[in-house]
Amino acid sequence: MSGRLAVTRLRCDYLVDPLGIQSDPPLLSWELASDRRNQRQTAWRIQVASAPEGLVADAADLWDSGVVSSSETAQIPYGGLRLASRTTAWWRVRSWDGDGEPSDWSEIARWETGLLRAEDWSARWASLPLPPNAPLPGGVNEGLDALTPAPLLRRSFSVDRPVRRARLYATARGVYEPRINGTLVGDRALAPGWTDYSRRQAYQVFDVTATITPGENVVGATLAPGWFAGYVGWGERARHYGTEPQLLVQLEIDHEDGSREIVVTDGSWRGSDGPVRYGDLLMGEYHDARRARTGWDRAGFDDSGWQPVRLSGLNATPLVGDLAEPVRALELLPSIAMTTIDEGTVIHDLGQNLTGWARLEVHGPAGAVVRLRFGERLTDDGRLYVENLRRARATDTYVLAGTGPEVWEPRFTFHGFQYIEISGDPNVIATATVSGRFVGSATTTAGTFVCSSEDVNQLARNIVWGQRDNFLSIPTDCPQRDERLGWLGDAQVFVRTATTNMDVAAFFRKWMVDVLDAQRDDGAFPDVAPRLGTLNASAPAWADCGVIVPWTLWQVYGDTRVIDESWPAMSRYLAYLERRNPDGLWVDDRGNDYGDWLSIDAETSKELIGTAFWAYDASLMGAMARATGRHIEADRYDRLFRWLADAFVAAYVADDGRIIGDTQTAYLLPLHFGLLPEDLATRAVEHLVANIRARGNRLTTGFVSVAYLCPVLTAAGRPDIAFDLLFQDRFPSWLYPIRQGATTIWERWDGWTEADGFQDVGMNSFNHYSLGSVGEWLYRTVAGIDNDPAVPGFARVRIAPIPDHRLDWVRATYHGIRGSIASHWERTAGGLHLAVEIPANSTAEIVIPNSEGATVRESGSEISISETNGVIAVREGDGSTVVTIGSGSYRFTVG
Ligand code: BGC
């Protein structure tokens, strides 16, 4: 690399080479690498062309930015010619380093615009009314009239000229699997994902150039109800957005001769039922392999007996390109143990609570029925525990074709499970093997965390799994029971932790649109998004998500677009709160007022919670206003914050710092939100500490403050107590579920206890991420990787680990918007070692614990400030040595 910068990982709107981009302008980003220390970018140049050859010839017809003096590598608006629909923009970047030396041009990347105007669409919605299912074996569909057969829709067309490029634009009201010429198109599952379909409909774009062949071709899809018409939420309620699934397909084939042929869903399509008797997100899938329509998606199939489709026109609902990574069926987890329950029933243990479905391999006669059920836990007598699924039947059925060894995976459902029960004819079951298929949003890994405590490692893994399992198109609360909703409270509690585990910039950008879509007319943010049926809203700590998520995305990714996009909605929300509560306490209109949801043995005033969150919103609004140049509003929100903080203190805080209710949450919220003057804050910390001590170093917090527990104690100079809580394994604690074998984060501290067994089946998920929001503290404090809040987007990194005596070492990485950061500390007989890595074009403040004032060395030598070794400044802090460095790898030792 010769010390120069290398430009890597070009992304558009956070995605690699995305198709279907609709934002105007899209935002571009890249990362920089260098094997020299203290490397930075001083300028960049972007070229965008309508053909890659244009770039190679140095003729960028769409945009040549020229050399722009800037250290920015992300959130850079495309500034070229306005792009029409279907335009592929090829682009590359060159950066200039601190010496003014240019990098090589990056590899060429691309993005492609979608169908930007309503007139671009000539397709119509196609559906196929099919008679309902008769009662199916095992009574699996009894009483569930929305479990309807999944139609196969197809049409053939012929291609007589060479194809230059072909794109499939498609979506469903429901979920669909597109097929062309006998193969699945793309690698998505459960497309198009979930939005409020009455407000917006996401479509997918597939590059199918290589799939189109000369002569007869076939395009088709299997269609299932998904979130649109299937069961979602509680109470066995289906058809939230419409009664039957519909398909929209527009296949555009550009020929070498410049002509374009468009094949759309229209009256020429025909449909039939097929092997999927039903496929429903909550209830499961029923696949009768005897009914496979072999060859239906290929040329030469006779569909004359198939029915014509029913058509309806496009309405005013906007069709929008995907904003985030798709849902995919990802890794397979093998069964690690099998137990026989009785003749014909076995249970497999995957060793991991996951979201997805089973992959079944089986051999037997035609018509043999295999039933699969899914559970997160076993009962005391070793049976599948399904009571907590409530009315989600989560049952899959496979009817064998009898053609030899058969392999099956469903495609239109998902379950939350660690155990799979298989039952049926004992001779058939004896041949069956299963594994678990993980299904979720394909966000990329951002962080890794391991340390010398296996308990903490398991906790970190459980947090990651809780996230992966629940980030399926939207942040769901849980993947197993009849719910799976995008609860705003859960998401705001966890969003910062989520960013440490995976790159969720695009995922949350998409979901924020759902949140805005679900805002009530009066300005209140909803309880759940996407909206589903009645619109509950205005619950403290749930509604506030509408402000907290954009603020977090800005902090972590330096994203101000999400602030701008959310600003009108956020302002309306703040205005709503003020209108309803003129005295500065959130007394009125607290909606469903969930309070400190699932706290344990502590009741915090709901009015206090509301007022604290309102004040917090005001402070975040002030900061976001300032970051986006809204100075008058910034001042106004700062004043609002002061007024609310004063009102909070006057109403709930005594002179000795005691806060009404005297619960951990009552102290944590105002401390974290900065509502208390210094003297009261000091006293409040003492009360908080006393509370934790009095409870034997145990927590009582529910959802709304659990994320703040360890950070507040750390900021108050009591990280020792935070570690006491971290290592606590008596109930209630983070490690208690791990003692019970948990592989995900439980919804409740007492989901299962030795004393009482399972909690009430009415609400007892073993896969809810919120209580895992301690994860951010593992990264930010235990490993010590943080962002300087004054400079969002990790341009200025802060590495300040707190090496508690209960840990010998911690090794963590975090791949942020500017590249990879690492922190690895280890205590040895020779002293403390801290190895860090800072990506090119970032600087970092490294806070090295050094209470004895020992000598700090870097890579074996005494630290000296110099441009080439990357050390920018050194100073002695309070019990620490603080070194400011540029990019690169550094190894510090103390002692
Ligand atoms: C969900 C939660 C949610 C809550 C609202 C529950 O049913 O699972 O996680 O935030 O309701 O109180």
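Below you will find a few notes about this structure. Quick caveat, the model's predicted, so the values are computed rather than measured.

## Examining the overall build of the chain
Consideration 1: Across its full length, the chain holds 16 helices and 50 strands.
Consideration 2: Its C-alpha atoms give the chain a radius of gyration of 28 Å, within 12% of the compact-globule value 29 Å for 895 residues.
Consideration 3: Each principal axis of the C-alpha distribution contributes one length, and for the chain these read about 85 × 75 × 60 Å.
Consideration 4: By the burial criterion, 62% of the 895 residues in the chain qualify as buried.
Consideration 5: Long-range pairs, those at least 24 residues apart, make up 74% of the contacts in the chain between residues at least 6 apart in sequence.
Consideration 6: For the chain, the accessible area works out to roughly 31300 Å², and carbon and sulfur atoms hold 49% of it.

## Things to note about the environment of Gly404
Consideration 1: Mapped onto the elements of the fold, Gly404 is located in the loop between strand 31 (395-399) and strand 32 (406-408).
Consideration 2: For Gly404, a relative accessible area of 13% translates into the label buried.
Consideration 3: Each C-alpha atom of the pair Gly404 and Gly364 lies 7.1 Å from the other, and the pair is 40 residues apart in sequence.
Consideration 4: Not counting residues within four places of it along the chain, the set of residues in contact with Gly404 comprises Val362 and His363.

## What to know about the sheet that holds strand 14 (residues 183-184)
Consideration 1: As summarised here, the arrangement of the 6 strands in space is 14-13-16-11-19-22, forming an open sheet in which the pairing is antiparallel. Where the open sheet ends on each side, the last strands, each with one partner, are strand 14 and strand 22 (307-308).
Consideration 2: Pairing of strand 13 (residues 175-180) with strand 14 involves 2 bridges; the strand directions are antiparallel. Pairing of Ile180 across the sheet is with Thr183, part of strand 14.

## Some remarks on empty space enclosed by the protein
Consideration 1: Within this structure, the stated rule accounts for 5 cavities of 30 Å³ or more.
Consideration 2: Quantified by volume, the largest cavity comes out at close to 90 Å³.
Consideration 3: Mapped onto the lining of the largest cavity, the elements with two or more residues apiece are helix 4 (454-470) and helix 15 (735-739).
Consideration 4: Tallied by class, residues from the lining of the largest cavity come to 9 nonpolar, 3 polar and 1 charged.
Consideration 5: Here the second largest cavity is characterised by a volume of approximately 70 Å³.

## Some thoughts on the sheet that holds strand 3 (residues 27-33)
Consideration 1: Reading across from one edge, 1-3-7 is the order of the 3 strands in this open sheet, with antiparallel pairing throughout. Strands with a single pairing partner mark the edges of an open sheet, and in this sheet they are strand 1 (6-12) and strand 7 (76-77).
Consideration 2: Bridging between strand 1 and strand 3 involves 5 bridges; their strand directions are antiparallel. Bridge pairing in strand 3 places Thr8 opposite Glu31.

## Examining the environment of Tyr176
Consideration 1: Structurally, Tyr176 can be placed in strand 13.
Consideration 2: Here Tyr176 falls in the buried class, since its relative accessible area comes to 2%.
Consideration 3: Spatially, the C-alpha atom of Tyr176 lies 43 Å from that of Ser95, the residues being 81 residues apart in sequence.
Consideration 4: Tyr176 has contacts with Ala170, Thr171, Ala191, Pro192, Gln204, Phe206, Ala221, Thr222, Leu223, Leu247 and Phe412, leaving out every residue within four places of it along the chain.
Consideration 5: Within polar-contact distance, the side chain of Tyr176 engages the backbone oxygen of Ala170 at 3.0 Å.
Consideration 6: Polar side-chain contacts of Tyr176 include one of 2.7 Å to the side chain of Gln204.

## Details of the nonpolar core
As a rule of thumb, soluble globular proteins bury nonpolar side chains together.
Consideration 1: Counting 193 residues, the largest nonpolar core has Phe449, Phe508 and Phe892 as the members making the most contacts within it.
Consideration 2: In this structure, Phe449 is in contact with Val456, Asn457, Ala460, Leu778, Tyr779, Val782, Ala783, Val810, Arg811 and Ala812, ignoring residues within four places of it in sequence.
Consideration 3: Ranked by size, the runner-up nonpolar core spans 27 residues in total, among them Ala170, Leu247, Ile253 and Val309.

## Quick look at the packing of helix 9 (residues 606-627) against helix 10 (residues 631-652)
Consideration 1: Close contact between helix 9 and helix 10 brings their axes to 8 Å; oriented N to C, the two are set at 160 degrees. In terms of orientation, helix 9 and helix 10 fall into the roughly antiparallel class. As for how helix 9 packs across helix 10, the hand of that crossing is left-handed.
Consideration 2: Across the contact of helix 9 with helix 10, the residue classes tally to 16 nonpolar, 4 polar and 5 charged.

## Observations regarding the site of the ligand
Consideration 1: In the neighbourhood of the ligand, the contacting residues comprise Asp477, Arg481, Glu483, Trp487, Asp490, Trp542, Tyr594, Trp597, Phe703, Glu747 and His768.
Consideration 2: With respect to the ligand, the side chain of Asp477 contributes an N or O atom lying 2.6 Å from an oxygen atom.
Consideration 3: Against a free-state accessible area of 310 Å², the protein chains account for coverage of 96% of the ligand.
Consideration 4: Here the shell around the ligand is built from residues that sort into 5 nonpolar, 1 polar and 5 charged.

## Some words on the pattern of salt bridges
Consideration 1: All chains considered together, the criterion is met by 76 salt bridges.
Consideration 2: Among the salt bridges present, the one from Arg310 reaches Glu244, with a minimum N-O distance of 2.8 Å. Placement of the pair is Arg310 in strand 23 (residues 310-312) and Glu244 in the loop between helix 2 (226-229) and strand 17 (246-255), with a sequence separation of 66 residues.
Consideration 3: In this structure, a network of salt bridges that share partners links the residues Glu112, Arg164, Arg165, Arg167, Asp207, Asp254 and Arg260.

## A short note on the layout of surface pockets
Consideration 1: Taken as a whole, the second largest pocket spans an internal volume of roughly 700 Å³.
Consideration 2: Along its surface, the second largest pocket is lined by 23 residues, and Arg179, Pro275, His287, Ala292 and Trp296 are the ones closest to its centre.
Consideration 3: Split into classes, the residues belonging to the lining of the second largest pocket amount to 10 nonpolar, 5 polar and 8 charged.

## Some thoughts on helix 12 (residues 678-694)
Consideration 1: The end-to-end C-alpha separation of helix 12 is 24 Å, in line with the 24 Å expected for 17 residues at 1.5 Å each.
Consideration 2: The inward-facing, buried residues of helix 12 abut helix 10, helix 11 (664-673), helix 13 (703-715) and helix 14 (719-727).
Consideration 3: Just downstream of helix 12 lies Gly696, where phi reads positive at about 70 degrees.

## Describing the pairing of strand 20 (residues 276-280)
Consideration 1: Of all 5 residues in strand 20, 5 are buried, a share of seventy percent or more.
Consideration 2: Across 4 bridges, strand 20 lies against strand 21 (residues 284-288) in antiparallel orientation. Residue pairing across strands places Tyr278 opposite Tyr286, the latter belonging to strand 21.
Consideration 3: Connecting the antiparallel pair strand 20 and strand 21 is a turn made up of 3 residues.

## Concerning the packing of aromatic side chains
Consideration 1: Inspection of every chain in the model, using the stated rule, returns 49 aromatic pairs.
Consideration 2: Where Phe525 meets Tyr573, the ring centres are 5.0 Å apart and the plane angle is 50 degrees; that geometry is what we call tilted. One end of the pair, Phe525, is in the loop between helix 6 (505-517) and helix 7 (545-557); the other, Tyr573, is in helix 8 (residues 561-580), with 48 residues separating them in the sequence. For the residue pair Phe525 and Tyr573, the accessibility class agrees, reading buried in each case.
Consideration 3: Plain terms: the ring middles of Phe613 and Tyr616 are 6.5 Å apart, the flat faces sit at 75 degrees to each other, and that makes the pair edge-to-face.

The rules behind each value
- Residues numbered from 1 in each chain as written.
- Predicted model: local features only at pLDDT ≥ 70, side-chain atom pairs only at ≥ 80, totals over all residues.
- Heavy atoms only, no water.
- Helix = DSSP H or I, 4+ residues; strand = E, 2+ residues; numbered from the N terminus.
- Rg over C-alpha atoms; globule rule 2.2 N^0.38 Å.
- Buried < 20%, exposed > 50% of the residue type's maximum accessible area, 1.4 Å probe, protein only.
- Contact = heavy atoms within 4.5 Å.
- Areas by Shrake-Rupley, 256 points an atom, 1.4 Å probe, with all protein chains shown as cover.
- Pairing = 2+ DSSP bridges.
- 1 Å grid on protein atoms, 1.4 Å probe; cavity = no way out; pocket = protein on both sides within 12 Å on 5 of 7 lines; lining within 4 Å.
- Points joined across faces, edges and corners; volume = space filled by probe spheres on them.
- Nonpolar A, V, L, I, M, F, W, Y, C, P; charged D, E, K, R; others polar.
- Polar contact = N/O pair within 3.5 Å; in protein donor to acceptor, adjacent residues only side chain to side chain.
- Core = buried A, V, L, I, M, F, W, Y, C linked by side-chain atoms within 4.5 Å.
- Axes fitted to C-alpha atoms, helices over the stretch in contact; angles between N-to-C directions.
- Parallel < 35°, antiparallel > 145°, perpendicular 65-115°, else oblique.
- Left-handed = near helix turned anticlockwise from the far one by under 90°.
- Near = heavy atom within 4 Å.
- Salt bridge = Lys/Arg side-chain N within 4 Å of Asp/Glu carboxyl O.
- Expected span 1.5 Å × (residues − 1).
- Phe/Tyr/Trp six-rings, centres within 6.5 Å; stacked < 30°, edge-to-face > 60°.

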